[in-house]
Amino acid sequence: MTFKKAEWPRKLRSQAWYGGDSRDTIYHRGWMRNQGLPADLFDGRPVIGICNTWSELTPCNAHLRDLAERVKHGIYEAGGLPVEFPVFSAGESSLRPTAMMYRNLASMDVEEALRAQPIDGVVLMVGCDKTTPSLLMGACSVDIPAIVVSGGPMLNGWFRGERVGSGTALWQMSEDVKAGKLTREDFLEAEQSMSRSPGSCNTMGTASSMASMAEALGMALSGNAAIPAVDSRRRVMAQLTGRRIVQMVKDDLKPSDVLTRKAFENAIRVNGAIGGSTNAVIHLLAIAGRVGVDLTLDDWDRLGREVPTIVNLMPSGKYLMEEFFYAGGLPVVIKSLGEAALLHKDALTVSGREIWEEVKNVRNWNSDVIRPISDPLTPQGGIAVLRGNLAPKGAVLKPSAASPHLMRHRGGRWSSRISTITRRASTTRLWISTRPA
Ligand code: FES
């Protein structure tokens, strides 16, 4: 996909605040210089916002203050001026009643901060579930050059020789305590075994799915999604991202250039291949809305239907994000889809190159973690869109994570109706019907 770079040098947006010697310019620039910044940093070079969701109340993102320093290194190296600022951090583990209630509020915070400040481009520092879509949505609305760097997943959880994934394992252990299969002391010991390092959840839950979506959409550098939070390569990724955004500003490469319909179609298929979260549906629809791409629930059904799930990660499979990274991470998945004619290879990415150029030479280092398309974890992955009288506007299901017994469900004895979810023999479509109990 061709992208026409803007001419450089040219006057940037930030110069409306910092350029010249008027009273207002001196006011804006002078206050910034109380931080010890030399005058020549305001000479017209790109001013890059580092939009940070760091918060100690969002433990998945608590290391992002440190990681931002690496982004700053990269920005300075490329000749930009970094300015870090906080935005609302919608952390999943503490916010009540649910972080989802705050996603749009967070996106408004991002949008207004970017619009109102002398920022030419922005690095979006994300991690926990809702932080990725909220920052992408806000940046898309303003449509200045933007790039994502994720905090990365936690190390694998291990408890008594078994992998322990974030989330699901906790619910299972809680049930085991109730059933007398696990002592309360063991349960408390497992608590620390689950969360061994900084980072987001180590399963293919919403955080890793959305990091994968950012990469599949072309909004992050290739390989960003899976690098563990504490791996030195995560810091390298942050620094390279800082370097890249400066060039993006010079080229005027904006979210609306990257987030085309092709990019969303790629992301939907990637979500099927990774066994990604159903939450990706609502977030991608919202991001698409911000850039004016007419994406619908039916697109998820149509595009995801033929995509096999090839990533063998919890909750669909058995491994965790650390192993996904060691196997080659998301670039391997994208390459597999490309080889199966399930990818728009010419979709543009923030690197300025097409997505196929980013992945065509990668290798799969563990074919049990990332399975070949010819021998997938689930032949029909993706997101199934359910419609029926229980959900007239549609509901979604992730077949790869659903146990076979869930594919047909009879309601409890207190319900006045019985619901069934049945896979029709002739199609991959799922449907819901109700009938009297
Ligand atoms: Fe933050 Fe899972 S709770 S990523």
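Before any of the text, the structure's been laid out above.
The shown structure was predicted, so the numbers you read here are calculated from the model rather than taken from an experiment. (Residues numbered from 1 in each chain as written. Predicted model: local features only at pLDDT ≥ 70, side-chain atom pairs only at ≥ 80, totals over all residues. Heavy atoms only, no water.)

### Details of the packing of aromatic side chains
Each aromatic ring pair is characterised by the separation of its centres together with the angle its planes make. Counted according to the given criterion, the structure contains 4 aromatic pairs. Ring centres of Tyr18 and Phe42 lie 4.9 Å apart, and the angle between their planes is 75 degrees; this geometry places the pair in the edge-to-face category. One end of the pair, Tyr18, is in helix H1 (residues 15-18); the other, Phe42, is in the loop between helix H2 (23-33) and strand S1 (47-52), and 24 residues separate them in sequence. Neither Tyr18 nor Phe42 differs from the other in exposure class; each is buried. For Lys345, the ring lying beneath its charged end belongs to Trp356, and the centroid distance is 4.2 Å. (Phe/Tyr/Trp six-rings, centres within 6.5 Å; stacked < 30°, edge-to-face > 60°. Helix = DSSP H or I, 4+ residues; strand = E, 2+ residues; numbered from the N terminus. Buried < 20%, exposed > 50% of the residue type's maximum accessible area, 1.4 Å probe, protein only. Lys NZ or Arg CZ within 6 Å of the ring centre and 35° of its normal.)

### Remarks on helix H15 (residues 330-339)
Given 3.6 residues per turn, any residue in an α-helix points the same way as the ones three and four places further on. A large share of H15 lies buried, amounting to 9 of its 10 residues. Of the surrounding secondary structure, the elements contacted by the buried residues of H15 are helix H8 (206-216), helix H11 (261-274), helix H14 (321-327) and helix H16 (355-359). Positive phi shows up at Ala341, right after H15, with a value of about 60 degrees. (Contact = heavy atoms within 4.5 Å.)

### As for the environment of Asp129
Tracing the chain through its elements places Asp129 in the loop between strand S3 (121-126) and helix H5 (131-142). Assessed through its relative accessible area of 9%, Asp129 is described here as buried. A sequence separation of 228 residues divides Asp129 from Glu357, and the C-alpha atoms of the two residues are 28 Å apart. With near-sequence residues (within four places) excluded, Asp129 lies in contact with Glu92, Thr206, Ala207 and Met210. At 3.3 Å, the side chain of Asp129 and the backbone nitrogen of Ala207 are in polar contact. (Polar contact = N/O pair within 3.5 Å; in protein donor to acceptor, adjacent residues only side chain to side chain.)

### Topic: the layout of surface pockets
Approximately 890 Å³ is the volume attributed to the largest pocket. The wall of the largest pocket is formed by 30 residues, among which Ser93, Ser166, Gly167, Leu170 and Cys201 lie closest to the centre. For the lining of the largest pocket, the secondary structure elements donating two or more residues are helix H6 (168-178) and helix H7 (184-194). Among the elements that make up the lining of the largest pocket, the one with the highest residue count is H7 (4 residues). Taken together, the residues of the lining of the largest pocket sort by class into 13 nonpolar, 13 polar and 4 charged. Of the voids in this model, the second largest pocket is the one considered here, and its volume is about 430 Å³. Around the second largest pocket, the lining is made up of 20 residues, and of these Tyr18, Met32, Gln35, Val83 and Gln117 lie nearest the centre. Only H1, H2, helix H3 (64-77) and strand S2 (81-86) provide two or more residues apiece to the lining of the second largest pocket. Sorting elements by how many residues they give to the lining of the second largest pocket places S2 first, with 5 residues. (1 Å grid on protein atoms, 1.4 Å probe; cavity = no way out; pocket = protein on both sides within 12 Å on 5 of 7 lines; lining within 4 Å. Points joined across faces, edges and corners; volume = space filled by probe spheres on them. Nonpolar A, V, L, I, M, F, W, Y, C, P; charged D, E, K, R; others polar.)

### Notes on the sheet that holds strand S4 (residues 146-150)
Backbone-to-backbone hydrogen bonds pair the strands of a sheet. The strands run either parallel or antiparallel. Strand order in the open sheet made by the 4 strands is S2-S1-S3-S4, with parallel pairing throughout. Here the strands that pair on one side only, and so sit at the sheet edges, are S2 and S4. The average angle at which neighbouring strand axes cross in this sheet is 20 degrees, direction not considered. Inspection of the sheet shows S3 paired to S4 by 5 bridges, in the parallel sense. Across the sheet, residue Val126 finds its bridge partner in S4, namely Ser150. Here H5 sits on the sheet in contact with S1, S3 and S4, set at roughly 165 degrees to S3. (Pairing = 2+ DSSP bridges. Axes fitted to C-alpha atoms, helices over the stretch in contact; angles between N-to-C directions.)

### Here we look at empty space enclosed by the protein
Within the structure shown, the criterion is met by 3 cavities of 30 Å³ or more. Together, Glu215, Ala220, Leu221, Ser222, Ile334, Thr349, Ser351, Ile355, Glu358 and Val359 line the second largest cavity. In terms of residue class, the lining of the second largest cavity is made up of 5 nonpolar, 3 polar and 2 charged.

### Some words on the environment of Leu135
Its place among the elements puts Leu135 in helix H5. Looking at Leu135, the relative accessible area reads 0%, which means it is buried. With sequence-adjacent residues up to four places away left out, Leu135 is seen in contact with Cys51, Thr53, Val87, Val110, Leu124, Met125 and Val126.

### So, unusual backbone geometry
With an omega of 10 degrees, the peptide bond running from Trp8 to Pro9 counts as cis. Relative to the helices and strands, Pro9 resides in the segment before H1. Here the bond from Met314 into Pro315 is cis, since omega is 10 degrees, no more than 30 degrees from zero. Positionally, Pro315 belongs in the loop between helix H13 (297-304) and H14.

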